[in-house]
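# Topology and contacts: notes
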Amino acid sequence: MTTSQSAPVIALEHAQKSFGAVHALEDGEIELFGGEVHGLVGENGAGKSTLVKILAGVHRSDAGRLLLDGEEAIFDNAKQSQAAGIAIIFQEPTLFPDLTVAENIFVGAQPLKRFRRIDGRRMRREAGALFEQLGVRLDPDRLARGLSIADQQLVEIAKALTTNARVIVMDEPTAALTTNEVEQLFRIVETLRARGNAVLFVSHRLEEIFAVCQRVTVMRDGRHVWTKPIGEVTVQSVIRAMVGRDMDALFPKIDTEPGRVVLKVDRLTREGDFTDVSFVVRSGEIVALAGLVGAGRSEVARAIFGIDRWDAGTVEIDGRRLPPGSPTAAMAAGIALVPEDRRQQGLVMDFSIERNIALASLDTVRRGGLILRGSERRFARDWALRLRLKYARLTNPVWTLSGGNQQKAVLAKWLGRKPTLLIVDEPTRGIDVGTKAEVHRLLSELAAQGVAILMISSELPEVLGMADRIVVLFEGRVMREFARADADEDAIMHAATGLVEEAA
Amino acid sequence: MTSVAEDQGVLEPRSGSHAFAEFLARFRELGIVLALVIVVGAATIDNHLFLSAANVQQILAGSAIIALLAIGETVVIITRNVDLSIGSILGISAYATGVLYVHHPGIALPVVFLVALAIGTACGVVNGLIVTVARVPSLVVTLGTLYIIRGIDGAWAGGNQVNASMLPDSFNKIGYETVLGIPYLGWIAIIAVAAATYAMRSFRTARDFYAIGSDPDAARLAGIPVGGRVFLAFVLSGAIAGVTGALWLSLYASVDAIAGVGYEFQVIAAVVVGGVAIFGGSGTVLGAALGALLLYAINSALVVVNVSSFWSLALSGGLLLAAIAFDRLIALRVAPAMRTRRRARG
C-alpha cells in the first residue's frame, strides 16, 4: 500500500526556528508520502511541536526549505497551509461550543443554495456521510459544547476531509483519549491512509507509533536524528535515539542526608487524573516526579496543595493528615507551590516586585488589617538579595523582570514563608541557561538546609541531575521509583512510556 | 469493531442530558410565550379591560419599538459585544426627523426614513470603527458614544420640542393606524423580526457572528474576518436604531432632547430575558423580540392592576435575574461533562 517510490507530498528540509535566544528547531527534516502514516517521536522539547507549527503555517521557519509536491513553497499563515491541503488536528481542538457539530465542520464554507443561503439539509447530510466514511456515529445536529476530546478531534478530522486535505497532521492526538477512543482513532488513521492521505502522527507513546506507522522519524534537541521504516527499528533503538546525550555541569547537587518524612502521599486518587499514587519526601531530599506531559504530575501537585480535591487516599505532612481541597490548610502546614505557569498562576504581573514577593507572607508585614509598606519593602529586599534577583527598582511592575528573574521572584514569594515542603512545577521552563543553574543551586541549598522538595520536570537531565529519588508516572499511575544511583535516561524513558517490563 | 457498540453505550446517558439542555435552550421561546400567557391571563382576570383592543394595540406598538432595537442589539451581543448607545441614537434620529418636518413640511416620507437611517448608520460606523480598529472594549466605547450623542442631541435641541401639530398626518398615521387590529408598528416589527430570524439562520455572515461570539480565537483560526463582522454588527445596530427613531416619533408624536433615554437597558433586558447569552454565541432574534413583548406586557399589566410603577421596575429586574439564573442552570447541567473533558486534558 505504501507509495514511497513517488515524490513526497510535502517535505521539510533543514528547517530552523528560534524564539529569541531559544533554538526550538535547529535542523528539522520530514518527508510525508501519500498512503503512509509517518510517526514523529522525541522527548519533550525535542522540537516536534515547532515542526508541526511550521507545517501548519503558524510559525515560519527562519531557514530551510518547504517542498510541496517537490516545488518550493512558503506558508505565511494558517490559511495558506490549509489551502495547500494540510490539516492539523491539535491535541486540544478549537471548536465553537455554541454551534452544532455540522456547523463546526463547515464553518465559513457551508454548502449554499439559491440567494447564497446556507443549505442546512445538505450540510447535515454531508456531515453524516463524513462520519459514516470515518466509521463513527456522531449526531451532526448536536451542539459542540460538552463533546469529549475524542469527539472534538473527530469533528476536526471531518473538517479536514471537507477541505480535501491531502496531509493530515495529528499532534499528540491520543494524549487525552481513553483506550477505546484510541482504538477508534487508529481505525480512522487507517481509513485515512487507505484513502491515500499522508498522515503525520506525533506521539510520545511508542507502542502507538509501532501500531499505526509505516515509517518513523526521531528528533532530539531540535534536530532530526534519523528516519527509518518501522520494520527496521525496535523500541530499544528508538529510545536510544531519543535520549543519549551528555549531562551538562548544570546541576550543582549537594549531597544531603535525608531526615524525617515530611510528605507522605498514600494511594492518592482523583478520578480521571491519577490513581493510587503513593510516595514520600523526606526533609533534605529532592524527589522528582517524572513522566510525560499529561501523565498527571501537575495534577498530583495541585491535589497535594489543595487546589483540586482528591477522591481517595491521604496526604500527611509531618504525620498530620491534610484535609482535601484546602490550599489554606496546605499553606498552614508549611507547603509552598511554585506553579508551572508563573505568568498566570505564580505572579500578579501588574503588581510591583515587592508586592509580589510579600504577597504570600502578608501576615508578617501587617499590623492589624493594615499592610506596612516599610516592612513589606524590607521583607522583599531581604529575599531579593538572598536569591540574587536582578531588578532595577523593587517598585517596578514584576513583568519588567526577565523570565528567569520572574521565576526567582515566585521562589522568593514562597521561600518567605519558610516552607517545610516546597513543590516546584517545571522550575526552569523557558528560562536561560545561566539562571537555570542558579535556580538549581538554590534548590540544592534549600534541600541542604532541610527543606523537603518535590520537583516536577519534563527535562530528563534536570531530573537526573537534581533528584535524590525519581517517581515516574504513566497515565496517572506510579510506574516505577528509582533511587539516584539506579536511574538513567533509558530506564526513565521506558517507565514514562509505559514499557516498564522491558526496562533494562 | 466491538468498541463502537461500547462507545455508544457509554455515550448514551451523557448525550441524553445534553439533549435535555438543548431542548431547554432551543425552546426558550416557548417558555416566554407561556409566561406571556400567564401574565395576560392574570391581568385580564383582575381587569377585563387589559385585553381591550386599545390596550392591546398600545402594548404591541410600544413593544414594537423595543423589539426593533432588540434585533440590532441581539446581533451585537451575539458577537460578544454590547451596544449601549442605541437609546441616544434613537433620540437624535427622532429629533432630526422632527426638525426635518419643521423645516421642510412637504418632505416625502421615504426621504425622512432615509435620513433617519443615515444618522443611525453613521453612529454605528463610529462605534464599529472604535471597537474594531482601536480595539477598545465595546462596553466602554458605546458608553462614551451614549453620552456624546446625547450631548450633541441636547445641544442641538436645547429646550425645544417638536409636537404632533408640526408633523404631517401621513407620518403620524404610522403610529396609530392598524391593519387587522394590529398597529402598523406591530406589523413592521413582526416582519423585521421574522426576516432577521431567518437571516440569522441562513447566511454565512450571520453564522460568523455566532462563531465569533462562541470563541473569537477559534473564529480567527477558521479564517473568519472577525474585525469586519463585528464592525458590521455595530453598523446594523446603529442603522436599526436610526430608523426606529423615526418610528418612535410617529408613535409618541412629540420629541425633545431626552427622547429614548434609558432605552438601551430595556432593550438589553429584553435580549437577555429572550435567551441571548450575554457572553455571545447563542440566542435568537425571535427570542429577544418575545422578551421585549413580555417585559412590556408585564409593565402594562402592573399598571392595569394598579401596582406602583416602582414595582414594575423591580419586577423587570427580577425577571432579568431569573433569566440569567435559568441560563446558569442549563450551563450547570452541561458542566459535569465539561469537567471530565477538562480533566482529561491533563
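Since this is a predicted model, take the numbers as computed values, not measurements. (Residues numbered from 1 in each chain as written. Chains lettered and ligands numbered in written order. Predicted model: local features only at pLDDT ≥ 70, side-chain atom pairs only at ≥ 80, totals over all residues.)

A few words on the overall build of chain B. When you go through chain B residue by residue, the secondary structure sums to 14 helices and 2 strands. Relative to its full complement of 346 residues, chain B shows a buried share of 45%. Considering only contacts within chain B whose residues lie at least 6 apart along the sequence, 80% involve residues at least 24 apart. (Helix = DSSP H or I, 4+ residues; strand = E, 2+ residues; numbered from the N terminus. Buried ≥ 20, exposed ≤ 12 C-beta atoms within 10 Å, placed from the backbone. Contact = placed C-beta atoms within 7 Å.)

In this section: the overall build of chain A. For chain A, the count of helices and strands is 17 helices and 24 strands. Here chain A, with 504 residues, has 51% of them falling under the buried criterion.

Residue and element names in this part refer to chain A. Burial analysis of helix α1 (residues 48–56) places 9 of its 9 residues in the buried class, which makes it a mostly covered element. Within α1, burial applies to Lys48, Ser49, Thr50, Leu51, Val52, Lys53, Ile54, Leu55 and Ala56. Gly57 lies just past α1 and shows a positive phi near 80 degrees.

Once that is clear, we can look at the pairing of strand β10 (residues 198–202) of chain A. All names here are of chain A. Most of β10 sits inside the fold, with 5 of its 5 residues counted as buried. Across the two faces of β10 the burial is the same, with Ala198, Leu200 and Val202 and Val199 and Phe201 all buried. Alignment of strand β3 (residues 36–41) against β10, held across 5 bridges, turns out to be parallel. What sits directly across from Val37, in β10, is Val199. Note that strand β9 (residues 167–171) and β10 share 5 bridges and pair parallel. Paired with Ile168 across the bridge in β10 is Val199. (Pairing = 2+ DSSP bridges.)

A few words now on the nonpolar core. Core analysis: the biggest nonpolar cluster contains 246 residues, and Ile423, Ile453 and Ile492 of chain A together with Leu69, Ala70 and Ala289 of chain B have the highest contact counts within it. Broken down by element, this core gets its largest block of residues, 15 residues, from helix α3 (residues 53–78) of chain B. (Core = buried A, V, L, I, M, F, W, Y, C linked by C-beta atoms within 7 Å.)

Each pair of packed helices gets described by two things: the angle between the helix axes and the distance between those axes. Residue and element names in this part refer to chain B. Where helix α12 (residues 263–273) contacts helix α13 (residues 285–304), the two axes come as close as 7 Å, and the packing angle between them is 115 degrees. As for the relative orientation of α12 and α13, their crossing is right-handed in sense. When α12 is examined against α13, the residues Gln266, Ala269, Ala270, Val271 and Val273 are found in contact with a partner set consisting of Ala288, Gly291, Ala292, Leu294 and Leu295. Among the residues making up the contact of α12 with α13, the classes are represented as 8 nonpolar, 2 polar and no charged. (Axes fitted to C-alpha atoms, helices over the stretch in contact; angles between N-to-C directions. Left-handed = near helix turned anticlockwise from the far one by under 90°. Nonpolar A, V, L, I, M, F, W, Y, C, P; charged D, E, K, R; others polar.)

All right, on to the sheet that holds strand β13 (residues 261–270) of chain A then. All names here are of chain A. The 4 strands are arranged β14-β13-β16-β17 in an open sheet whose pairing can be described as antiparallel. The strands lining the two open edges of the sheet, one partner per strand, are β14 (274–282) and β17 (320–321). Here 5 bridges tie β13 to strand β16 (residues 312–317), and the two strands are oriented antiparallel to one another. Paired with Asp266 across the bridge in β16 is Thr314. Helix-sheet contacts for helix α9 (residues 297–305) involve β13, β14 and β16, and the interaxial angle to β13 is about 115 degrees.

Let us look at unusual backbone geometry. At Phe115 of chain A, a position not held by glycine, the phi torsion is positive, near 60 degrees. Relative to the helices and strands, Phe115 of chain A is located in the loop between β7 (112–113) and β8 (117–118). By C-beta crowding, Phe115 of chain A is classed as exposed, having 7 other C-beta atoms within 10 Å. For Arg135 of chain B, which is not glycine, the phi dihedral falls at a positive 50 degrees. Within the element layout of this structure, Arg135 of chain B appears in the loop between α5 (109–133) and α6 (138–157).

Turning next to the environment of Ser361 of chain A. Residues and elements named next belong to chain A. For Ser361, the position within the fold is in the loop between α12 (353–358) and β19 (366–367). Separated by 217 residues in the primary sequence, Ser361 and Ala144 have C-alpha atoms spaced 44 Å apart. Leaving out residues up to four positions away in the same chain, Ser361 has contacts with Phe379, Gly416 and Arg417.

A few words on the confidence of the model for chain B. All names here are of chain B. Looking at chain B, pLDDT values average 85 and 87% of them are 70 or higher. Summarising per-element confidence for chain B, the mean pLDDT is lowest in helix α1 (residues 2–26) (44) and highest in helix α11 (residues 226–252) (95). Every residue in residues 1–18 scores below 50 in pLDDT, and together they form 13 contacts with partners more than four places removed in sequence or on other chains. Within the model, the stretch residues 335–346 combines pLDDT values under 50 with 19 contacts to residues more than four positions away or in other chains. Our summary of model confidence lists the complex with pTM equal to 0.72 and ipTM equal to 0.77. (pLDDT = per-residue confidence, 0-100.)

In this section: the packing of helix α4 (residues 86–103) of chain B against α6 of chain B. Residue and element names in this part refer to chain B. Axis separation between α4 and α6 bottoms out at 8 Å; the angle between their running directions is 25 degrees. In terms of orientation, α4 lies roughly parallel with respect to α6. Remark: the crossing between α4 and α6 carries left-handed chirality. Between α4, through Gly87, Ser88, Ile89, Gly91, Ile92 and Tyr95, and α6, the contact on the second element is made entirely by Leu146, Ile149, Arg150, Ile152, Asp153, Trp156 and Ala157. Of the residues belonging to the contact of α4 with α6, the class tally is 8 nonpolar, 3 polar and 2 charged. (Parallel < 35°, antiparallel > 145°, perpendicular 65-115°, else oblique.)

Residues and elements named next belong to chain A. Read from one edge of the open sheet, 6 strands run β18-β21-β22-β15-β23-β24, paired in mixed fashion. Strand pairing shows two members of the sheet lacking a second neighbour, β18 (335–338) and β24 (477–483), which therefore form its edges. Sheet twist, expressed as the mean angle between neighbouring strand axes with direction ignored, is 20 degrees. Here strand β23 (residues 469–474) pairs with β24 via 6 bridges, running antiparallel. Its bridge partner being in β24, Ile470 is matched across the sheet by Phe482. Here α9 sits on the sheet and contacts β15 (286–290), β18, β21 (421–425), β22 (452–456) and β23; the angle it forms with β21, its principal contact strand, is near 145 degrees. On top of the sheet, helix α17 (residues 489–496) reaches β15, β23 and β24; it is set at about 30 degrees to β23, its chief contact.

So, on to the pairing of β22 of chain A. Residue and element names in this part refer to chain A. Among the 5 residues of β22, 5 are classified as buried, and the element is accordingly described as predominantly covered. Neither face of β22 is exposed, since Ala452, Leu454 and Ile456 on one face and Ile453 and Met455 on the opposite face are all buried. Relative to β22, β15 runs parallel, the two sharing 4 bridges. Of the residues in β22, the one forming a bridge with Ile286 is Ile453. Note that β21 and β22 share 5 bridges and pair parallel. Within β22, the position partnered with Leu421 by the bridge is Ala452.

All names here are of chain B. Inspection of the secondary structure puts Gly242 in helix α11. Residue Gly242 is classed as buried on the basis of its 30 C-beta neighbours within 10 Å. Sequence separation between Gly242 and Leu114 is 128 residues, and the spatial gap between their C-alpha atoms is 9.3 Å.

All names here are of chain B. If you check α13, its first and last C-alpha atoms are 29 Å apart, about what 20 residues at 1.5 Å a residue would give, namely 28 Å. With 18 of its 20 residues buried, α13 lies for the most part within the structure. Looking one or two residues beyond α13, the residue adopting positive phi is Asn306, at roughly 65 degrees. (Expected span 1.5 Å × (residues − 1).)

All names here are of chain A. On the secondary structure map, Leu161 appears in helix α5 (residues 149–162). Look at Leu161 and you get buried, because 22 C-beta atoms sit within 10 Å. The sequence separation of Leu161 and Val216 amounts to 55 residues, and the corresponding C-alpha distance is 24 Å.

Attention shifts here to the confidence of the model for chain A. When the pLDDT values of chain A are averaged, the result is 84; 94% of them are 70 or greater. The least confident element of chain A is helix α11 (residues 342–346) of chain A, whose mean pLDDT is 76; the most confident is β22 of chain A, at 93.

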